[in-house]
Amino acid sequence: MRAFATLFASCLACTLLCGCTSGDSSSRAPGKQRLFKVEDDAIPFKHDAGATGKRHITEIVGSGAGLFDADGDGDLDLYLVNGARDQLLVQIDGEFKPASQDCGIGGTDSGMGIAIGDIDGDGDPDIFVANNGPDRLYINDGKARFQEQAVQRGINISTFSSAAAFVDIEGDGDLDLFVCSYLDFDEKTFTPCTRGDLEVYCAPANYPAVPCRLLLNDGRGHFTDVSESSGLNDLPAKALGVISIDIENDGDPDLYVANDGEPNFLLINQWKQQGRIFFEEDALLAGCAYGEGAKAEAGMGVDAADLDGDGDEEILVTNLEAQSNSCYRNDGDGLFMETSFANGLGAASLAHVGFGIRVIDANLDGWLDIFVTNGHILDNIGEIRQGSSSFAQVDQLFIGDGSHFVLTPHIQNNDETVGRSLVSGDIDNDGDTDLIITRWNGSPRLLRSTAAGTSHVIGLQLVGTPPASSTDAIGARITVTAGDRVFIREHRVQSSYLASHDPRQLFALPAGNTSARVHIRWPDGSEGEQNLQSGGYHRWQQGVGIVASTPFQSPR
């Protein structure tokens with residue numbers, strides 16, 4: 001196995017010498033092209049909100065998407081949640097094509113979010129879809145053929161679910177499932193809302209809150225609902241976003257939940273402290289329950305990353321217009337401070353309704369950047385405000401330098417669109433991060449990165465070894481050291497808004513570095529360390545080491 005890894009390392013070095021992933025950016029002078037190219041016709045799908053003409057709130061807040069390798073061929077495929085029938089698209093020769101009719105994907109519910117992970121430990125990704133109505137669980141046979149088995153495997157949720165995340169709550173080596181509940185909507189008792197003479201989508205304040213759900217995996221992909229005993233039933237939510245994040249750095253995952261019009265939750269996992277599956281809600285004391293001005297905001301998308309390079313992760317939340325998006329700076333002791341106006345994110349977001357948010361290194365300079373997709377929640381807001389606001393809005397890229405963010409043009413013509421979910425992944429395997437934006441009642445937008453080849457980049461694919469860790473290794477802590485820089489990242493796949501991302505990680509190295517020391521703290525606390533060469537993806541299996549290394553493909 002070591003000889004195998006050494007052979008591929010040599011191939012990577014050869015690739016670098018040949019210039020395919022050169023760190024020389026002289027051929028790409030600043031200002032000659034944007035960081036992304038728009039490909040609006042690349043994905044053969046159109047979102048259907050399932051609109052009835054009655055402006056039900058279920059119609060306006062969807063839908064999500066997920067990138068993953070459904071068939072094990074090394075290319076990312078795409079699952080698109082819909083207000084009608086969902087769609088699986090597989091990549092064939094670099095193009096997304098509809099999967100065959102017998103792939104097993106269906107669903108005619110009001111689709112919302114998605115979580116993708118290996119729930120049964122057989123090495124291939126399965127799919128959970130959150131709906132307004134019965135949630136779905138699709139079990140993969142490894143060849144992109146699925147069987148819907150939610151009820152058979154203990155998932156029987158018929159309320160209005162939104163986002164979801166797979167996470168190993170008690171560290172037993174399998175993926176448990178956290179499901180956000182949005183609100184209690186019943187079309188039988190629905191009463192229309194108006195502004196003046198115009199009918200509008202009702203605000204979430206018009207509906208009761210509903211607790212989120214936690215379902216424990218028995219290791220074979222069967223689930224038990226422990227929402228009551230874990231304390232979640234005492235926390236009614238209007239949740240639209242969730243991430244797993246180890247706030248205390250004690251090795252067990254906590255959860256941050258973005259609520260719409262209610263205080264956000266910071267759910268501290270008590271497994272190691274109390275020996276039981278129970279959450280203590282700590283957002284108010286920790287300083288991340290409210291936004292600017294200490295007010296509850298319309299939390300939607302959420303992400304986390306070490307924005308300032310101090311070793312702990314900040315939390316970001318998208319909100320409604322006039323509220324600003326939130327950036328909660330982590331002081332390392334589990335306490336946060338809202339800093340969006342101080343770091344350049346706040347003022348630029350005031351005029352927009354933010355949904356999907358993703359922290360990526362867009363320009364591969366080693367500093368993290370922030371992308372936000374925007375779109376209003378009232379389709380007739382232009383008429384209501386006589387043109388001062390619009391339903392479609394521009395997306396935003398904020399380029400970071402470790403302390404401040406600057407709004408930066410990212411495409412040639414930044415036209416307005418009604419964005420919802422934002423999904424990231426290296427779609428063409430060239431070592432940079434591409435983006436997919438789902439658009440309300442429209443086709444998804446593919447933003448293909450043009451950054452490949454401008455820096456030396458290391459790609460990682462982590463594989464846990466059950467029962468020590470889940471095969472997805474969710475919660476692993478990655479530390480990359482190169483030159484005078486140290487990058488620390490917690491491995492997660494679900495974040496943003498209703499999204500599941502490419503499970504691989506990318507790290508752009510400081511100028512002059514072509515390799516880095518990479519340390520992994522696996523979810524069970526075991527550790528591994530390797531010196532890795534840039535220029536490709538390294539598949540790292542827990543307890544074994546590097547089992548495969550694949551050079552990046554040439555940029556398209």
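Residues numbered from 1 in each chain as written. Predicted model: local features only at pLDDT ≥ 70, side-chain atom pairs only at ≥ 80, totals over all residues. Heavy atoms only, no water.

Chemist: Let's hear about the sheet that holds strand E1 (residues 36-39): which residues, and what values?
Modeler: Taken in spatial order, the 4 strands of this open sheet run E1-E32-E31-E30, and their pairing is antiparallel. Two strands lie at the open edges of the sheet, namely E1 and strand E30 (419-425), each paired on one side alone. Going across the sheet, the axis of each strand differs from the next one's by a mean of 20°, ignoring polarity. (Pairing = 2+ DSSP bridges. Helix = DSSP H or I, 4+ residues; strand = E, 2+ residues; numbered from the N terminus. Axes fitted to C-alpha atoms, helices over the stretch in contact; angles between N-to-C directions.)

Chemist: Hey, could you go over the layout of surface pockets for me, with residue numbers and the actual values?
Modeler: Taken as a whole, the largest pocket spans an internal volume of roughly 890 Å³. If you trace the largest pocket, you find 39 residues lining it, with Asp69, Gln461, Pro503, Arg504 and Arg539 closest to the centre. Residue composition of the lining of the largest pocket, by class: 14 nonpolar, 15 polar and 10 charged. Two domains share the lining of the largest pocket, each providing at least three of its residues, namely domain 1 (36-449) and domain 2 (456-551). (1 Å grid on protein atoms, 1.4 Å probe; cavity = no way out; pocket = protein on both sides within 12 Å on 5 of 7 lines; lining within 4 Å. Points joined across faces, edges and corners; volume = space filled by probe spheres on them. Nonpolar A, V, L, I, M, F, W, Y, C, P; charged D, E, K, R; others polar. Domains from an automatic or database assignment.)

Chemist: Account for the nonpolar core, with residues named and values stated.
Modeler: With 48 residues, the main nonpolar core has Phe178 and Leu267 as its most contacted residues. Secondary structure elements with two or more residues in this core: helix H2 (57-60), strand E10 (161-167), strand E11 (176-181), strand E15 (213-217), strand E18 (239-245), strand E19 (254-259) and strand E20 (265-269). Setting aside residues up to four positions removed in sequence, Leu267 forms contacts with Phe178, Leu232, Leu235, Asp254, Leu255, Val257, Phe279, Glu280 and Glu281. (Core = buried A, V, L, I, M, F, W, Y, C linked by side-chain atoms within 4.5 Å. Buried < 20%, exposed > 50% of the residue type's maximum accessible area, 1.4 Å probe, protein only. Contact = heavy atoms within 4.5 Å.)

Chemist: Just give me the short version of the pairing of strand E28 (residues 396-400), but keep the residues and values in it.
Modeler: Among the 5 residues in E28, 5 count as buried, and that is most of the element. Here E28 shows two buried faces, one formed by Gln396, Phe398 and Gly400 and the other by Leu397 and Ile399. Two elements, strand E27 (residues 369-374) and E28, share 3 bridges in a ladder whose sense is antiparallel. Across the sheet, Val372 pairs through a bridge with Gln396, a residue of E28. Relative to strand E29 (residues 405-407), E28 is paired through 3 bridges, and the arrangement is antiparallel.

Chemist: How would you sum up the domain arrangement of the protein? Please name residues and give values.
Modeler: Segmenting the protein into domains produces domain 1 (36-449) and domain 2 (456-551). The straight-line distance from the C-alpha centre of domain 1 to that of domain 2 is 23 Å. Tallying the contact residues gives 63 residues for domain 1 and 33 residues for domain 2. Of the roughly 3400 Å² buried at the junction of domain 1 and domain 2 (both faces included), carbon and sulfur atoms supply 46%. Along the contact surface separating domain 1 from domain 2 lie 2 salt bridges. The salt bridge involving Glu313 is made with Arg492; its shortest N-O contact spans 2.7 Å. Where domain 1 packs against domain 2, one counts 30 residue pairs in polar contact (both at pLDDT 80 or more). Elements with a minimum of two residues in the side of domain 1 that touches domain 2: strand E2 (65-68), strand E6 (110-117), E10, E18, strand E22 (302-305), strand E26 (354-360) and E30. (Buried area = accessible area lost by both parts, 1.4 Å probe. Salt bridge = Lys/Arg side-chain N within 4 Å of Asp/Glu carboxyl O. Polar contact = N/O pair within 3.5 Å; in protein donor to acceptor, adjacent residues only side chain to side chain.)

Chemist: Can you break down the sheet that holds strand E39 (residues 515-521) residue by residue, with the values?
Modeler: Reading across from one edge, E35-E34-E39-E40 is the order of the 4 strands in this open sheet, with antiparallel pairing throughout. Edge positions in the sheet fall to strand E35 (485-490) and strand E40 (527-533), since each of these pairs with one other strand and no more. Direction aside, neighbouring strands of the sheet carry axes that sit 20° apart on average. Pairing of strand E34 (residues 477-482) with E35, which is carried by 6 bridges, proceeds in the antiparallel orientation. Residue pairing in the sheet places Thr479 in a bridge with Ile488 of E35.

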